[in-house]
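Examination of the molecular architecture
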Amino acid sequence: MKGKGPLYILPWRCTFACNSDCVHCASACKPAFPDEVDTAGAMHIVDQVYDFGATFFGISGGEPLLRKDLFDIIRYAKKIGLNVSIITDGRLLDDKAFENIVKNEVKVSISIDGAEAMNDLIRGKGAHEKAVSAIERLSTAGLLNCLVYTFANVNEAGTNVNADDFTHVLDLAEEYKARWVIYHGFIPYSRDQNSLKAGPSPQQYEWAFNKLYDLQTKYKGKPEINVYCPFYARIAKQRGQPDFDNWFNHFFLGRCFFGKFMSIAENGDAIPCSFNDVYRFGNVKDKPLKAIWDELQSSEFFSKVRDKSNLKGKCGVCEYREICGGCRTAAEFYTGDVFGSDPRCAYVPKVLRER
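Quick summary incoming for the structure in this document. Here the structure is a predicted model, which means the values were calculated and not measured. (Residues numbered from 1 in each chain as written. Predicted model: local features only at pLDDT ≥ 70, side-chain atom pairs only at ≥ 80, totals over all residues. Heavy atoms only, no water.)

**Describing the overall build of the protein**
Counted only if it meets this: A run of H or I in DSSP becomes a helix once it reaches four residues, and a run of E becomes a strand once it reaches two; helices and strands are each numbered from the N terminus. The globule rule used here is 2.2 Å times the number of residues to the 0.38 power, and the radius of gyration it is set against is calculated over C-alpha atoms. We call a residue buried when its accessible area falls under 20% of the maximum for its residue type, exposed when it is over 50%, and partly exposed in between, using a 1.4 Å probe and counting protein chains only. Note on contacts: a residue pair qualifies if any of its non-hydrogen atoms lie within 4.5 Å across the two residues. Just so you know, the count uses Lys and Arg for positive and Asp and Glu for negative, and it drops His and the chain ends. Charge coordinates come from a single atom per side chain, which is NZ of Lys, CZ of Arg, CG of Asp or CD of Glu.
On a plain count of helices and strands, the protein comes out with 15 helices and nine strands. Over its C-alpha trace the protein gives a radius of gyration of 20 Å, about what one expects of a compact globule, namely 20 Å for 355 residues. Summarising its shape, the C-alpha atoms of the protein cover approximately 60 × 45 × 40 Å along the three principal directions. Expressed as a percentage of its 355 residues, the buried residues of the protein come to 55%. In the protein, the share of contacts with a sequence separation of at least 24, taken over all contacts with a separation of at least 6, comes to 68%. Once the 45 positive and 45 negative side-chain charges of the protein are each reduced to a mean point, those two points are 4 Å apart.

If you want it as structure tokens, here you go:
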């Protein structure tokens with residue numbers, strides 16, 4: 001590697017196109033955006049990621065396997081010395097794609113949101129079968145990375161916020177030796193009321209995170225359970241997470257990195273969070289990633305968002321603010337204010353309870 005940069009992994013959403021119709025996703029059954037970079041533009045992004053000093057080039061979507069040039073891009077990234085990972089639901093993992101993944105030693109994470117009945121309600125008929133088939137093949141090749149589980153309510157049809165679906169995916173991960181199961185809080189991508197309907201209630205989150213804490217103890221790291229939601233840290237603290245500081249600083253994925261992180265959108269724009277397209281602050285076509293990163297660090301707006309003393313509402317007065325502070329993207333899409341409280345959290349801060 002040329003050098004270690006400020007981020008270990010730099011994600012690129014390679015396309016917005018997706019062939020699945022998931023209830024919790026903004027890109028469900030959507031075509032590619034007209035301004036998505038071509039192959040030459042993608043190679044330039046790879047060069048920028050390498051020069052930036054990242055160790056991993058993370059590829060997401062949409063559905064990455066819909067890009068016809070995906071493996072040309074991956075081969076180039078591997079050739080210049082980057083490690084590569086992708087996340088997919090497995091539907092398009094045919095023999096040719098699998099051979100390319102093996103040849104290029106790509107680490108793959110599979111999206112799966114429960115047992116067959118629930119997963120197929122969320123992701124469409126046949127999704128579970130395809131996901132499990134992909135998990136089996138990737139495990140055999142030693143390239144299965146994580147299983148990724150996103151919380152969702154399916155209108156009146158049910159929810160995957162339940163113990164049976166949680167443990168089904170954990171058991172798959174244990175059987176096929178996935179490194180982690182990542183349980184992902186619902187982030188709506190926009191203020192559209194239809195997209196907000198899939199979000200669990202604060203009470204469902206509270207129950208889910210306490211259940212996951214129990215399961216973390218039961219499975220004893222085989223696999224590890226990680227949670228992509230800031231207020232899981234509060235629950236872990238309350239429940240007595242062993243060696244909390246080390247767990248929080250070196251393992252926990254759920255800290256809000258808005259303004260402390262950077263992803264690349266499909267057209268080359270830099271965005272402060274993989275789930276927030278509202279704020280775009282530079283394009284790799286026009287300037288190096290290092291310059292874009294430096295501008296992010298010195299930005300008055302992003303500096304203000306990073307300072308948790310600027311948070312409003314109950315997040316601003318919560319005694320767990322420094323280890324949580326809520327998700328800024330969720331706060332914005334639910335409340336219209338990036339500094340507002342994350343309304344997904346059921347906890348009432350001590351100062352408000354004592355009034």
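**With respect to the environment of Lys 130**
Checked against the element boundaries, Lys 130 lands in helix α5 (residues 127-140). Exposure remark for Lys 130: the relative accessible area of 43% places this residue in the partly exposed category. Separated by 41 residues in the primary sequence, Lys 130 and Asp 89 place their C-alpha atoms 7.7 Å from one another. Among residues more than four places away in sequence, those in contact with Lys 130 are Gly 90 and Arg 91.

**Observations concerning helix α3 (residues 95-103)**
Under the convention used in this document: Throughout, the arc means the angular range of directions from the helix axis out to the C-beta atoms.
Burial in α3 covers these residues: Ala 97, Phe 98, Asn 100 and Ile 101. Along α3, the residues classed as buried sweep out an arc of 160° about the axis, all on the same side. Away from its buried face, by an angle of more than 90 degrees, α3 presents the exposed residues Lys 96, Glu 99 and Lys 103. For α3, the secondary structure elements touched by its buried residues are α2 (70-80), β3 (83-88), β4 (107-111) and α5.

**Side note on unusual backbone geometry**
Of note, the amide linkage connecting Gly 61 to Gly 62 takes the cis form, showing an omega dihedral of 20°. Residue placement: Gly 62 occurs in the loop between β2 (56-60) and α2. For the bond from Lys 222 to Pro 223, the omega torsion is 5°, close enough to zero to count as cis. Tracing the sequence through the fold places Pro 223 in the loop between α8 (202-219) and β7 (224-228). The backbone of Lys 177 sits at a positive phi, close to 60°, despite the residue not being glycine. Here Lys 177 shows up in the loop between α6 (163-176) and β6 (180-184). Look at Lys 220: it is not a glycine, yet its phi comes out positive at around 50°. A relative accessible area of 69% places Lys 220 in the exposed class.

**Focus on the pattern of salt bridges**
Which entries qualify depends on this criterion: Basic side-chain nitrogens of Lys or Arg form a salt bridge, by our definition, when they fall within 4 Å of a carboxyl oxygen of Asp or Glu.
What the rule picks out here adds up to 18 salt bridges. As a salt-bridge pair, Arg 91 and Asp 89 come within 3.6 Å of each other at their nearest N and O atoms. Assessed through its relative accessible area of 22%, Arg 91 is described here as partly exposed. In this structure, Arg 234 and Glu 206 form a salt bridge, with 2.7 Å as the shortest nitrogen-oxygen distance.

**A look at the packing of helix α1 (residues 39-52) against α2**
Note the cut-off: Lines fitted to C-alpha atoms define the axes, with helix axes restricted to the stretch in contact, and inter-axis angles between N-to-C directions lie between 0 and 180 degrees. An angle below 35 degrees is read as roughly parallel, one above 145 as roughly antiparallel, one from 65 to 115 as roughly perpendicular, and any other as oblique. Note on convention: near helix rotated counterclockwise from far helix by under a right angle means a left-handed crossing. Clockwise means right-handed.
Where α1 contacts α2, the axes come no closer than 10 Å and their chain directions differ by 25°. Judged by the inter-axis angle, α1 sits roughly parallel to α2. In the crossing of α1 with α2, the sense of the turn from one axis to the other is right-handed. Here α1 contributes Ala 42, Met 43, Val 46, Asp 47 and Tyr 50 to the contact with α2, which in turn contributes Asp 72, Ile 73, Tyr 76, Ala 77 and Ile 80.

**So, the packing of aromatic side chains**
As a reminder, the rule being used: Only rings of Phe, Tyr and Trp enter the pairing, Trp through its six-membered ring, and a pair is recorded when the two centres are within 6.5 Å. The plane angle decides the type: under 30 degrees is stacked, over 60 is edge-to-face, the rest tilted. Whether a charge sits over a ring comes down to the Lys NZ or Arg CZ being within 6 Å of the ring centre and within 35 degrees of the ring normal.
Under the counting rule described, the total for this entry stands at 33 aromatic pairs. Aromatic pair Tyr 149 and Phe 151: ring centres 6.2 Å apart, planes at 85°, arrangement edge-to-face. Side by side, Tyr 149 and Phe 151 carry an identical accessibility label, which is buried. With 6.4 Å between their ring centres and 50° between their planes, Phe 257 and Phe 261 make a pair best called tilted. Phe 257 sits in the partly exposed class, given a relative accessible area of 31%. Note that Arg 137 overlies the ring of Phe 98, its terminal NZ or CZ placed 4.3 Å from the centroid.

**Considerations on the nonpolar core**
Basically, it comes down to this: Nonpolar cores are built from buried Ala, Val, Leu, Ile, Met, Phe, Trp, Tyr and Cys residues. Side-chain atoms within 4.5 Å join them into one set.
With 105 residues, the main nonpolar core has Phe 57, Leu 138, Leu 147, Phe 151, Phe 209 and Met 262 as its most contacted residues. Counting residues per element, this core draws most heavily on α8, at seven residues. Sequence-distant contacts of Phe 209, that is, excluding residues within four places in its chain, are made with Phe 151, Val 227, Cys 229, Phe 231, Tyr 232 and Ile 235.

**Points about the pairing of strand β5 (residues 144-150)**
The test is simple: At least two DSSP bridges between two strands are needed for those strands to be called paired. By definition, the crossover connecting two strands over a helix is right-handed if that path, from the first strand to the second, turns clockwise as seen with the strands pointing away from the viewer.
Extensive coverage of β5 is indicated by the burial of seven of its seven residues. Here β4 pairs with β5 via three bridges, running parallel. Residue pairing in the sheet places Ser 111 in a bridge with Val 148 of β5. In the sheet, β5 pairs with β6 via five bridges, with the strands oriented parallel. Bridging across to β6, Thr 150 finds its partner in His 184. Once you follow β5 into α6 and on to β6, the crossover reads as right-handed.

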